[in-house]
Amino acid sequence: MSENILVIGACGQLGTELVEALRNIYGDQHVIASDIRQSNDDVFKAGPFETLDVLDKNNLTNLLQKYQPKQVYHLAALLSATAEAQPKFGWTLNMDGLFNVLDAAIDFKIGKVYWPSSIAVFGPNTPVNNTPQNCVMDPNTIYGISKLAGERYCEYYFQKRGVDVRSLRYPGLIGYKSAPGGGTTDYAVSIYHDALTQGKHECFLGPQTELPMLYMPDALKATLDIMHAPAEKVKIRSSYNLAGMSFSPEEITTAIQKYIPDFTSSYKPDHRQAIADSWPNSIDDAEARKDWGWQPDFDLDKMTKDMLVNLAPRYGKSLSI
Ligand code: SER
């Protein structure tokens, strides 16, 4: 496989791992990582890296002319908590960035575009348990509103302009290789680091706040699977519901205590509690399973083990797991 692939927003939590996964498949030189900021992560030294502000159309055009990518993964966005702090910029980045990429897909005949949506498209009147693909969607965060509008744009560009755009509604993503940036689900990453470094964690959500989550290897698998699926199997062109596991801060604490018995969590809910409360507890991803064979590999215990085993050496710890 020798086509070029451009990843926009490559230095974020998902981008960092996705660039590595794509380079393993397509070869280091064929995967162009781009971001508005530089990263010191080793993965970016293995192949091309370009500075790109996705809001700068000339900058984007130059890159597309230079590399002629056949696939673009557009990941640049402000997440839920950060976008609440900068609503105007959050809206501009999340919407105009997407418009620029979708228009460029037409101008440069980009074969496939990937754009992530989120469980943030759901809102307070959405059914909270086993949330279906189609239901009331009344997001009340800038991030969620921009993702829902983005989904409608993606479907519109697929139907009216023929852009092969594919999308997943990610739950909270958890991984050990890269840090999350400004989401409401970020506690579920920092809790593992805190468990190993301090033996305790102060959670910004209340103990019983159940949210849908997904371990990074599963997120990568889903992303690559939907992008590699034959076009006719991708029947939903807004964005697919996607589930891995659901748990509360109390439950992840118990899962960690199985391996670090003295670990404790305390709770100090902040402004992110209201965001979490407006999102589902669990997601029905039947369409993804049916259309292109989605199946997650990790539950809470399997993920916890893998997170701790991989993070422990970073902090000079050895765990008998
Ligand atoms: N992890 C994201 C957030 O918390 C959800 O898409 O903003």
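Worth saying up front: this structure is predicted, and the values here are computed from it rather than measured. (Residues numbered from 1 in each chain as written. Predicted model: local features only at pLDDT ≥ 70, side-chain atom pairs only at ≥ 80, totals over all residues. Heavy atoms only, no water.)

> What should I look at first to understand the overall build of the protein chain in this one?
Scanning the protein chain from N- to C-terminus turns up 11 helices and 14 strands. The C-alpha radius of gyration computed for the protein chain amounts to 19 Å, which stays within 12% of the reference 20 Å derived for 321 residues, consistent with globular compactness. By principal-axis analysis of the C-alpha atoms, the protein chain measures approximately 55 × 45 × 40 Å. The long-range share in the protein chain, meaning contacts at least 24 apart out of those at least 6 apart in sequence, stands at 78%. (Helix = DSSP H or I, 4+ residues; strand = E, 2+ residues; numbered from the N terminus. Rg over C-alpha atoms; globule rule 2.2 N^0.38 Å. Contact = heavy atoms within 4.5 Å.)

> It is not clear to me how the layout of surface pockets should be interpreted in this structure. Could you clarify?
It is a probe the size of a water molecule, rolled over the atoms, that shows where empty space is left. The computed volume of the largest pocket comes to approximately 950 Å³. Gly-12, Leu-75, Ala-77, Leu-79 and Gly-181 are, among the 45 residues lining the largest pocket, the residues nearest its centre. Of all the elements in the fold, those that place two or more residues in the lining of the largest pocket are helix H1 (13-26), helix H3 (80-85), helix H4 (87-107), strand E6 (117-118), helix H5 (142-161) and strand E9 (172-174). Examining the composition of the lining of the largest pocket, we find that four residues originate from one element, H1, more than from any other. (1 Å grid on protein atoms, 1.4 Å probe; cavity = no way out; pocket = protein on both sides within 12 Å on 5 of 7 lines; lining within 4 Å. Points joined across faces, edges and corners; volume = space filled by probe spheres on them.)

> Sorry, what's going on with the state of the cysteines here?
Note: disulfide means a covalent bond formed between the sulfur atoms of two cysteine side chains. If you walk through the whole model with that rule in mind, you get zero disulfides. This cysteine, Cys-135, is not joined by any disulfide, and Cys-154 carries the nearest cysteine sulfur, 18 Å off. On the accessibility criterion, Cys-135 (22% relative accessible area) is partly exposed. (Disulfide = S-S within 2.5 Å. Buried < 20%, exposed > 50% of the residue type's maximum accessible area, 1.4 Å probe, protein only.)

> Can you help me understand the pattern of salt bridges in this one?
Pairs can form between side chains of opposite charge whenever their charged atoms are close. Following the criterion strictly, the structure yields 13 salt bridges and no others. The closest approach of N and O atoms between Lys-45 and Asp-42, which form a salt bridge, is 3.0 Å. (Salt bridge = Lys/Arg side-chain N within 4 Å of Asp/Glu carboxyl O.)

> Could you clarify how one ought to interpret the sheet that holds strand E12 (residues 240-241) in this entry?
Where strands meet in a sheet, backbone hydrogen bonds hold them as pairs that are either parallel or antiparallel. The three strands are arranged E6-E8-E12 in an open sheet whose pairing can be described as parallel. Looking at which strands have only one partner, the edges of the open sheet turn out to be E6 and E12. Both strand E8 (residues 168-170) and E12 contribute to a ladder of two bridges, which runs parallel. The residue bridging Leu-168 from the neighbouring strand is Tyr-240, located in E12. Here helix H7 (residues 216-228) sits on the sheet in contact with E8 and E12, set at roughly 170 degrees to E8. (Pairing = 2+ DSSP bridges. Axes fitted to C-alpha atoms, helices over the stretch in contact; angles between N-to-C directions.)

> Looking at this structure, I do not really get empty space enclosed by the protein. What am I missing?
Counted under the stated rule, the structure contains one cavity of 30 Å³ or more. For the largest cavity, the calculated volume is near 30 Å³. As for the largest cavity, its lining consists of Ala-76, Ala-77, Asn-94, Trp-115, Ser-146 and Lys-147. Taken together, the residues that form the lining of the largest cavity break down as three nonpolar, two polar and one charged. (Nonpolar A, V, L, I, M, F, W, Y, C, P; charged D, E, K, R; others polar.)

> What is the right way to look at the site of the ligand in this model?
Around the ligand, a shell composed of Leu-79, Ser-80, Ser-118, Tyr-143, Gly-172, Gly-183, Thr-184, Thr-185 and Trp-279 is seen. Contact distances for the ligand include 2.6 Å between an oxygen atom and a side-chain N or O atom of Ser-80. Side-chain polar atom of Ser-118 to an oxygen atom of the ligand: 2.6 Å apart, as the coordinates give it. Taking a 2 Å distance to the grid points as the criterion, the majority of the atoms of the ligand fall inside the largest pocket. (Near = heavy atom within 4 Å. Polar contact = N/O pair within 3.5 Å; in protein donor to acceptor, adjacent residues only side chain to side chain. Sits in = over half its atoms within 2 Å of the grid points.)

> Explain helix H6 (residues 187-197) to me, please; I cannot follow it from the model alone.
Structural remark: α-helix, 3.6 residues per turn; residues separated by three or four positions point the same way. Of all 11 residues in H6, nine are buried; the element is thus mostly enclosed. Residues Tyr-187, Ala-188, Val-189, Ile-191, Tyr-192, His-193, Asp-194, Ala-195 and Leu-196 constitute the buried set of H6. Gly-199, located one to two residues past H6, shows a positive phi value of around 75 degrees.

> So what exactly am I meant to see when it comes to helix H8 (residues 249-257) here?
If you check which residues of H8 are buried, you get Pro-249, Ile-252, Thr-253, Ala-255 and Ile-256. All buried residues of H8 project into a common sector of 160 degrees when viewed along the axis, lining one side. Where H8 is buried, its residues meet H6, strand E10 (200-203), strand E13 (245-247), strand E14 (264-267) and helix H11 (300-311). (Arc of directions from axis to C-beta.)

> For this particular structure, what's the right way to read the side chain of Arg-166?
Take Arg-166: it is sitting in strand E7 (residues 165-166). A relative accessible area of 2% places Arg-166 in the buried class. Within the structure, Arg-166 has its side chain in polar contact with the backbone oxygen of Ala-229 (distance 2.7 Å). When sequence neighbours within four positions are dropped, the list of residues in contact with Arg-166 reads Lys-112, Val-113, Tyr-114, Trp-115, Ile-226, Met-227, His-228, Ala-229, Pro-230, Ala-231, Val-234 and Arg-237.

> What exactly am I supposed to notice about the nonpolar core here?
Taken as a class, soluble globular proteins show a tendency for nonpolar side chains to be buried jointly. Core analysis: the largest hydrophobic core is formed by 67 residues, its most contacted members being Ile-174, Tyr-192 and Phe-247. Among the elements that line this core, the one with the most residues is H6, at seven residues. If sequence neighbours within four positions are ignored, Phe-247 has contacts with Ile-174, Tyr-187, Ala-188, Thr-209, Glu-210, Leu-211, Met-213, Ile-252, Leu-300 and Met-303. Ala-33, Met-227, Ile-236 and Trp-292 belong to the second largest nonpolar core, which has 36 residues in total. (Core = buried A, V, L, I, M, F, W, Y, C linked by side-chain atoms within 4.5 Å.)

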